[in-house]
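# Secondary and tertiary structure notes
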Amino acid sequence: MLELGGIIILGILAQWVAWKFKIPAILPLILIGLLVGPIAAEFLSEDGTKWIEPIWNGEEGLFPGESLFYFVSLAISIILFEGGLTLKISEIKNVGPVITKLISLGSIVTFFGAAVAAHFAFYLSWEISFLFSGLIIVTGPTVITPILRNIPLKKDVSAVLKWEGILIDPIGALVAVLVFEFITVDGGGEFTKTALIEFGKIVLFGATFGFTFAHAMNFIINKNLVPHYLLNVFALAAVLGVFVLADTFAHESGLLAVVVMGMVLGNSNAPYLKELLYFKESLSILLISILFILLAANINMSDLYLIYNWNTVVLFAAVVFIIRPIGVFLSTYGSSLKFNEKIFISWVGPRGIVAAGIASLFGLKLAKEGVPGAEYITPLVFMIVLGTVLLNATTARLFAKMIGVFLQKSNGILIVGASKVSRLIGHYLESNGRHVVLIDSNPSNIAKAKELGLEALNTNIYSDTLMDNIELNDVGYLMALTGSNDVNKYAINKFSKQFGENGSFRLVSVDEMIDDNNNPREGLFSHTDDFSTLSNVTKKYPSIQEIVLRDKAHYDSLIEMSNNDKDIIPLFIKNDESEIQIIPSNNKDIEEIGENFHLVYLGKPFDVEEVANEEA
């Protein structure tokens, strides 16, 4: 009981450490597992036993006999199902040729290149070498996101790395599963006609069960045959049921079945998918926390000594410094990416949870069946995972600066709220060369923003999903434009450090408008205009105007007029190089007004004669 409770506590502690220090969770999880497992047995225990013993002598431990094998199989099936849910066929078509080539041509280069490297570095059989290469195809968002979260990059570079990680996870898992099944159909022997038939059965049953039960589950839930409170646990039971059932009909077809099931459901656009993903994400975090401490603890020092040689360094260098760059440069040939951007993408390729998890599962299975070289699978894959995560986590930011892909200034703008006011302002900013992202929890507002060609995310600011969006790394300005003062203040408090390093602004509240002495430091546009005023002006004059400024006195006179006219609201100052400065609520404090500067405002056009008369 103490060991089992300790694994859960240590797992969640590792997840917290990863969140606190912005590193991939797999790093502390595996290190803790190695510490309480082989390291403790070799150096810290007087009797040579592990602090946490998953299996000992094949019979004793937390998971005696084949219990660990069964637990790992079921846990990996749930993790792979979640990976399948995230794979959208439409997204593969829309993410552009670079990402499409990375997950196809790049995967092929890694598959064959790493197999050749493993075969000649460790003299492994071609079957085991190709299994190793299939396992290290994947990168994964859980390792990419923490590494890139605080590196300001061009949106194109961040998008390539993000989508490669998301899309290649289930693809790499599928390749590894197929290779493993091809090896096991004949027990690692020669591939006879019977072996090929068995392999065909595995693919047929896996694909058929996954496809059929995905549609059956979709039908049952859409017809409300399952109450809402049972939705998530019903889905969990269905995944485990499909895994076990497929495995019963064709041995080793269960993993393929759950990947296919997840992919089919993920592309069905069912209304319950978002909720199901949230549940699976939480469950996966718990399973991953337990799983990787167990798997790392189950490794013996004898396994680690197998790769304690220069051959390991050669294999790691070949995978990271030769094979990855070849795949990236072939995939990005003819694209708009610059040479230094291709170099950076080549450098950042950490392997993640799917690779380590499936490697351990397949290593256990093949070692039990006595397949020659199977004992190398788990330690070699763990070496690639730990090595790439450590390398990228410690050097990615510095490397980005060295080769010139690190943005010196984050000029992107995050607008909280996607109402008509926000869409109008966002469209103007986007048209003037600024990267703009709108967020809102209202799907209708998001849809209207996307119709205007704006980047818009349907998200709740009270969730943490926005913090993990590495495509927002170039955002340095925050504007809270919702009708709720509480939401605006919360957005400033929560996101100003990450998204508002160059400026965080929010609309003033009604109380602040009434009190002339209460002009907040982060106030936006005007001290006399709140969301209601902005909305009313937008309805009457749904356009943004510009007027050329002569000097500071001219600007002050226009601001004075806008304060007395509720149909004019100042927004920005645009200089002679078309750079835009956000006007704060203490708008008279703007210092620099040069020749050919423009006042950008919302509302009716200024009457030029009236302005001249006012100045006179």
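Details of the structure are given in the entry above.
Now for a look at the structure at hand. (Residues numbered from 1 in each chain as written. Predicted model: local features only at pLDDT ≥ 70, side-chain atom pairs only at ≥ 80, totals over all residues. Heavy atoms only, no water.)

### Observations concerning the packing of helix α2 (residues 26-44) against helix α17 (residues 377-403)
- α17 packs onto α2 with a crossing angle of 130° between their chain directions and a minimal axis gap of 10 Å. Taken together, the axis directions place α2 and α17 in an arrangement best described as oblique. Handedness of the crossing formed by α2 with α17: left-handed. When α2 is examined against α17, the residues Ile-26, Leu-27, Ile-30 and Leu-34 are found in contact with a partner set consisting of Phe-382, Val-385, Leu-386, Val-389 and Leu-390.
- Residue composition of the contact of α2 with α17, by class: 9 nonpolar, no polar and no charged. (Axes fitted to C-alpha atoms, helices over the stretch in contact; angles between N-to-C directions. Helix = DSSP H or I, 4+ residues; strand = E, 2+ residues; numbered from the N terminus. Parallel < 35°, antiparallel > 145°, perpendicular 65-115°, else oblique. Left-handed = near helix turned anticlockwise from the far one by under 90°. Contact = heavy atoms within 4.5 Å. Nonpolar A, V, L, I, M, F, W, Y, C, P; charged D, E, K, R; others polar.)

### Here's the deal with the sheet that holds strand β8 (residues 580-582)
- Pairing within the open sheet is antiparallel, and its 4 strands lie in the order β6-β9-β7-β8. Among the strands making up the open sheet, the edge pair consists of β6 (544-549) and β8. Averaged over all adjacent pairs, the angle separating strand axes in this sheet is 35°, with direction ignored.
- Here 3 bridges tie strand β7 (residues 568-574) to β8, and the two strands are oriented antiparallel to one another. Considered in β8, the bridge of Ile-573 is made with Gln-581.
- Against the sheet, helix α18 (residues 420-431) engages β6, β7, β8 and β9 (597-603), with an angle of about 20° to β7.
- Here helix α23 (residues 552-564) sits on the sheet and contacts β6, β7 and β9; the angle it forms with β6, its principal contact strand, is near 145°. (Pairing = 2+ DSSP bridges.)

### Things to note about the side chain of Lys-574
- When you line up the elements, Lys-574 lands in strand β7.
- There is a polar contact of 3.2 Å between the side chain of Lys-574 and the side chain of Asn-432.
- When neighbours within four sequence positions are excluded, Lys-574 is seen to be in contact with Tyr-428, Asn-432, Glu-546, Glu-579, Ile-580, Asn-596, Phe-597, His-598 and Val-600. (Polar contact = N/O pair within 3.5 Å; in protein donor to acceptor, adjacent residues only side chain to side chain.)

### Examining a nonpolar patch on the surface
- On the surface, a cluster of nonpolar side chains totalling about 790 Å² of accessible area is made up of Leu-35, Ile-39, Phe-43, Leu-44, Trp-51, Tyr-305 and Tyr-308.
- The greatest single-element share of the nonpolar patch, amounting to 4 residues, is contributed by α2. (Patch = residues over 30% accessible without salt bridge, like charges linked within 9 Å, V, L, I, M, F, W, Y side chains within 5 Å. Areas by Shrake-Rupley, 256 points an atom, 1.4 Å probe, with all protein chains shown as cover. Salt bridge = Lys/Arg side-chain N within 4 Å of Asp/Glu carboxyl O.)

### Things to note about the pairing of strand β2 (residues 436-440)
- Burial of β2 is extensive: 5 of the 5 residues sit out of reach of the surface.
- Neither face of β2 is left uncovered, since the one carrying Val-436, Leu-438 and Asp-440 and the one carrying Val-437 and Ile-439 both have all their residues buried.
- Bridge count for strand β1 (residues 412-416) against β2 is 4 bridges, and the pairing is parallel. Within β2, the position partnered with Ile-415 by the bridge is Leu-438. (Buried < 20%, exposed > 50% of the residue type's maximum accessible area, 1.4 Å probe, protein only.)

### Looking at the pattern of salt bridges
- Evaluation of the coordinates by the stated rule reveals 5 salt bridges.
- Linking Glu-164 and Arg-324 is a salt bridge whose minimum nitrogen-to-oxygen distance equals 2.7 Å. Pair noted here: Glu-164 is in helix α8 (residues 155-184) and Arg-324 is in helix α14 (residues 310-331), with a separation of 160 residues, a long-range link.
- On the basis of relative accessibility, which here comes to 2%, the residue Glu-164 falls in the buried class.
- We classify Arg-324 as buried; its relative accessible area is 8%.
- The salt bridge involving Glu-546 is made with Lys-574; its shortest N-O contact spans 2.9 Å. Of the two residues, Glu-546 sits in strand β6 while Lys-574 sits in strand β7, which places them 28 residues apart along the sequence.

### A closer look at the pairing of strand β4 (residues 475-480)
- Where burial is concerned, most of β4 is hidden: 6 out of the 6 residues are buried.
- The sheet contact formed by β1 and β4 spans 5 bridges and is parallel. Looking at the pairing, Ile-413 lines up with Tyr-477 of β4.
- Across 4 bridges, β4 lies against strand β5 (residues 503-506) in parallel orientation. Each bridged residue has a counterpart across the sheet, and for Met-479 the counterpart in β5 is Phe-505.
- You can see the chain leave β4, run along helix α20 (residues 485-499) and come back into β5, and the turn it takes is right-handed. (Right-handed = clockwise from strand over helix to strand, strands pointing away.)

### What to know about the nonpolar core
- Core analysis: the largest hydrophobic core is formed by 136 residues, its most contacted members being Phe-132, Leu-315, Phe-344 and Phe-362.
- No other element matches the 14 residues that α8 contributes to this core.
- Among residues more than four places away in sequence, those in contact with Phe-362 are Leu-131, Leu-135, Ala-176, Val-177, Phe-180 and Leu-255.
- Ranked by size, the runner-up nonpolar core spans 31 residues in total, among them Tyr-428, Ala-449, Leu-454 and Leu-602. (Core = buried A, V, L, I, M, F, W, Y, C linked by side-chain atoms within 4.5 Å.)

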